[in-house]
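# Working through the structure, step by step
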Amino acid sequence: MMTHVLEALRRSPGIRPFETTDLAVNCHHNYVARERHSGKDVFVTRKGAVRARLGDLGIIPGSMGARSYIVRGKGNPDSFTSCSHGAGRAMSRAEAKRRFSLADHAAATAGSSAARTRR
């Protein structure tokens, strides 16, 4: 899929020519996979987590307006070669909607990349 996206971008008017390398961060989260751990075939559920085998590249996004990080897996067997994905939440979405207005959100993210992408 990434190959097709890059080809489409190269054909798109208004996008300057660019080159890519074979290094890409391609990770997904919230899935189940059949893997081998501790000598057994098991199903690993990664909810809010990504695979982090030794050397795997991953993305841990920050909260709105905060930095995201490109990381390399440590291959820790105690975590089933997983790591967290995302900043986590201090409260549920419903509680945040109850406590904060859209104006509160706009003020909190003013000047951040989150504010620029809303326009």
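Now for a look at the structure at hand. As the structure is a computational prediction, the values presented were derived from the model and not from experiment. All residue numbers refer to position in the chain's written sequence, counted from 1. Reporting of local features is limited, given that this is a predicted model, to residues whose pLDDT is at least 70; pairs of side-chain atoms are given and counted only at 80 or more, and all residues count toward the totals for whole chains, interfaces and linings. Remark: hydrogens and water are excluded; side-chain values derive from all non-hydrogen atoms of the structure.

## Comments concerning the overall build of the protein chain
Of the regular secondary structure elements, the protein chain holds four helices and six strands. Taken from N to C terminus, the helices and strands of the protein chain fall in the order α-β-β-β-β-β-β-α-α-α. For 119 residues, the compact-globule formula gives about 14 Å, and the C-alpha radius of gyration of the protein chain, at 19 Å, lies well above that figure. Taken over the C-alpha atoms alone, the protein chain extends approximately 55 × 45 × 20 Å along its principal axes. Per-residue accessibility, obtained with a 1.4 Å probe over protein chains only, is compared with the maximum for each type, and a residue is labelled buried under 20%, exposed over 50%, and partly exposed between these values. Buried residues in the protein chain amount to 17% of all 119 residues. The secondary structure listing takes helices from DSSP runs of H or I that are at least 4 residues long and strands from runs of E that are at least 2 residues long, numbered from the N terminus. Between the two quantities, the radius of gyration covers C-alpha atoms and the globule rule is 2.2 Å times the number of residues to the power 0.38.

## Comments concerning the pattern of salt bridges
Whenever a carboxyl oxygen of Asp or Glu lies within 4 Å of a side-chain nitrogen of Lys or Arg, that contact is scored as a salt bridge. Taken as a whole, this structure holds six salt bridges when the rule is applied. For Glu 95, the salt bridge identified is with Arg 98, shortest N-O distance 2.7 Å. Taken as a pair, Glu 95 and Arg 98 lie in helix 2 (residues 93-99) at a separation of three residues, close to a single helical turn. Across the pair Glu 95 and Arg 99 runs a salt bridge whose closest N-O atoms are separated by 2.7 Å. Here Glu 95 and its partner Arg 99 are both found in helix 2, four residues apart, which amounts to about one turn of the helix. With a relative accessible area of 21%, Glu 95 lands in the partly exposed category. For Arg 99, a relative accessible area of 48% translates into the label partly exposed. Ionic contacts of the salt-bridge type, sharing partners, join the residues Arg 51, Arg 53 and Asp 56 into one network.

## Details of unusual backbone geometry
Despite not being glycine, Ser 38 shows a phi value in the positive range, around 55°. Structurally, the position occupied by Ser 38 is in the loop between strand 1 (31-37) and strand 2 (40-46). On the basis of relative accessibility, which here comes to 74%, the residue Ser 38 falls in the exposed class. Here Thr 81, not a glycine, exhibits a phi torsion of approximately 50°, which is positive. By the secondary structure assignment, Thr 81 is in the loop between strand 5 (69-72) and strand 6 (82-84).

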